[in-house]
Amino acid sequence: MPARILTLAPHAPDPAAIREAAAVLSGGGLVAFPTETVYGLGADALNPSAVERIYAAKGRPVDNPIIVHIAEAEALGRFVTDIPPVAQVLIAHCWPGPLTLVLPAAAVVPSVTRGGLPTVAVRMPAHPVALALIRAAGCPVAAPSANRSGRPSPTTAQHVLADLGGSVELVLDGGPTPVGVESTVLDLTSDPPVLLRPGGVSLEQLVAIVGQVTVPAPGAAAPSTTAPELQAALARSPGTRYRHYAPRAKVVLVEVPPEEAGAAPSAAALSAAVHRLWDQGLRVGAMVTAEAAFQVPLGAVVRVMGPRGDPAAVAASLFALLRELDDAGLDAIVVEGIPEQGLGRAVMDRLRRAAGQGGEVV
Ligand code: AMP
Ligand code: MG
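Residues numbered from 1 in each chain as written. Chains lettered and ligands numbered in written order. Predicted model: local features only at pLDDT ≥ 70, side-chain atom pairs only at ≥ 80, totals over all residues. Heavy atoms only, no water.

Draft legend 1. Structural context of the pattern of salt bridges. Applying the stated criterion across every chain, the model contains 17 salt bridges. A salt bridge links Arg-151 to Asp-326, with the nearest nitrogen and oxygen atoms 3.5 Å apart. With a gap of 175 residues between them, Arg-151 in the loop between β7 (141-142) and α5 (157-164) and Asp-326 in helix α9 (residues 311-327) connect regions that are remote in the sequence. Given a relative accessible area of 7%, Asp-326 falls into the buried group. One network of salt bridges, in which partners are shared, links Arg-151, Asp-163, Arg-248, Arg-323, Asp-326 and Asp-327. (Salt bridge = Lys/Arg side-chain N within 4 Å of Asp/Glu carboxyl O. Helix = DSSP H or I, 4+ residues; strand = E, 2+ residues; numbered from the N terminus. Buried < 20%, exposed > 50% of the residue type's maximum accessible area, 1.4 Å probe, protein only.)

Draft legend 2. Representation of the pairing of strand β3 (residues 39-44) within the structure. The buried count for β3 comes to 6 of 6 residues, which makes it a mostly enclosed element. The antiparallel hairpin formed by strand β2 (residues 31-34) and β3 contains 4 residues in its connecting segment. The sheet contact formed by β3 and β7 spans 2 bridges and is antiparallel. Along β7, the bridge assignment pairs Ala-43 with Ala-142. (Pairing = 2+ DSSP bridges.)

Draft legend 3. Highlighting unusual backbone geometry. Residue Pro-96 follows Trp-95 across a cis peptide bond; omega there is -5 degrees. As for its placement among the helices and strands, Pro-96 is situated in the loop between α3 (85-94) and β5 (99-104). Residue Pro-192 follows Asp-191 across a cis peptide bond; omega there is 0 degrees. Locating Pro-192 in the fold gives a position in the loop between β9 (184-187) and β10 (194-197).

Draft legend 4. The packing of aromatic side chains, seen in detail. On inspection of all chains with the given rule, the structure shows 1 aromatic pair. Taking 5.6 Å as the distance between ring centres and 20 degrees as the angle between the ring planes, the aromatic pair formed by Tyr-245 and Phe-319 counts as stacked. Pair noted here: Tyr-245 is in the loop between α7 (228-235) and β11 (250-254) and Phe-319 is in helix α9, with a separation of 74 residues, a long-range link. Judged on exposure class, the residue Tyr-245 and its partner Phe-319 are both buried. (Phe/Tyr/Trp six-rings, centres within 6.5 Å; stacked < 30°, edge-to-face > 60°.)

Draft legend 5. Broad picture of the packing of α3 against helix α6 (residues 203-210). Remark: α3 packs on α6, axes separated minimally by 10 Å, with the N-to-C direction vectors making an angle of 125 degrees. Relative to α6, the element α3 lies oblique. You can see that α3 and α6 cross each other, and the crossing is right-handed. Residues Val-86, Val-89, Leu-90, His-93 and Cys-94 of α3 lie in contact with α6, whose contacting residues are Leu-206, Ile-209 and Val-210. In the contact of α3 with α6, the residues fall into 7 nonpolar, 1 polar and no charged. (Axes fitted to C-alpha atoms, helices over the stretch in contact; angles between N-to-C directions. Parallel < 35°, antiparallel > 145°, perpendicular 65-115°, else oblique. Left-handed = near helix turned anticlockwise from the far one by under 90°. Contact = heavy atoms within 4.5 Å. Nonpolar A, V, L, I, M, F, W, Y, C, P; charged D, E, K, R; others polar.)

Draft legend 6. Just the environment of Phe-294, in detail. Mapping Phe-294 onto the fold places it in the loop between β12 (284-289) and β13 (301-306). Residue Phe-294 is classed as exposed on the basis of its relative accessible area, which comes to 82%. For the pair Phe-294 and Val-141, spaced 153 residues apart in sequence, the C-alpha separation works out to 45 Å.

Draft legend 7. Quick look at the pairing of strand β6 (residues 119-123). Counting buried residues along β6, 5 of its 5 residues qualify, which places the element largely inside the surrounding structure. Residues of β6 alternate between two faces, with Thr-119, Ala-121 and Arg-123 on one and Val-120 and Val-122 on the opposite face, all of them buried. Looking at chain direction, strand β4 (residues 68-69) and β6 are connected through 2 bridges and run parallel. Across the sheet, residue His-69 finds its bridge partner in β6, namely Arg-123.

Draft legend 8. Local environment of the sheet that holds β12. In space, the 5 strands of this open sheet follow the order β13-β12-β14-β11-β15, with parallel pairing throughout. Sheet topology places β13 and β15 (360-361) at the edges, where each strand pairs with a single neighbour. With 5 bridges connecting them, β12 and β13 associate as parallel partners. Counterpart to Thr-289 in the pairing with β13 is Gly-306. Lying on the sheet, helix α8 (residues 267-279) is in contact with β11, β12, β14 (332-336) and β15; it crosses β11 at an angle near 155 degrees. Its contacts with the sheet put helix α10 (residues 344-355) on β11, β14 and β15, and the angle it makes with β11 is roughly 130 degrees.

Draft legend 9. A look at the sheet that holds strand β1 (residues 4-7). Overall, mixed pairing links the 10 strands, which are arranged β1-β8-β2-β3-β7-β4-β6-β5-β9-β10 in an open sheet. The sheet is open, and its two edges are formed by β1 and β10, each paired on a single side. Sheet topology note: the β2/strand β8 (residues 170-173) ladder contains 2 bridges and is parallel. Across the sheet, residue Val-31 finds its bridge partner in β8, namely Leu-170. Running over the sheet, helix α1 (residues 15-26) touches β1, β2, β3, β7 and β8 and is turned about 145 degrees from β8.

Below, the structure written as structure tokens:
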């Protein structure tokens, strides 16, 4: 059955719509809703059969655990067995907000929600619709991104409908999500904490708050390149192993060499990537910063991600542009790499994963 869609004012959600959505969750159903990061596909986190429906709807591997969303920081103590001082400091600075904390799970959290792990990932989102829904439902809400597994995350209700329209009861449409990339996932069962996924709270912010954060090397899922304790941490975050963020088109990410970190890819490098794909007979699109918009060879479909010095703007447009160029029927998308500062780290993480699956990093 096609999903019912309720359109809401993001800052003053209609209580009747929230009540209707909460009733769907209480009845074991699925509701897609906006958060400040991306749209989530929600179910009652304490109802195993409801959570099973999330995995089925997304086609998500069952050992990839789901983030549990709460509406008050005080609720955390019901779902974890230990709240170390570092968690309290991070919560004071970052909640509500795009920071997910991994902590030892209390027995009340079903195994299916945790992907079978002894830990649970919890966050308090900073979006009035999400908070109102969780409060009205009266339960913690398990919610991964509301896309088919492997696809770019949804930043609008239309993206949700395109991927999951047939398998979700209700979609709350609160407009485009402001951050545009998912939450930062931080494992607090290790000391210092381990950055399992860069996201909406930057590494610089985390370091300013807690002093030290362990950052696995890019591509650290490869065991031979990783210290044993990091291997263990990455094994604890199964989501890092799976295909992710990929449009149908091949993604070619144009990076700068590490020794030139912070510089922009040259016009020649962008142009060469486009020409090489044209030579293969492919239809080519390009996602570039405002500064590079006129460096793309004429004839490629160009979309501007945002100014080069504004990674938050790039993050906000990233997934929507990947989907838009995909829908335009292009075979390949050349993407300009941006510096890994602030949200730039999350942007480059998503782009490397998108390009790592049949695409290329050049
Ligand atoms: P998504 O729900 O699609 O935003 O992805 C959630 C991310 O959090 C995935 O990378 C999961 O593997 C990760 N995650 C969720 N729960 C845990 C946990 N208990 N331990 C480690 N990582 C987790
Ligand atoms: Mg996801």
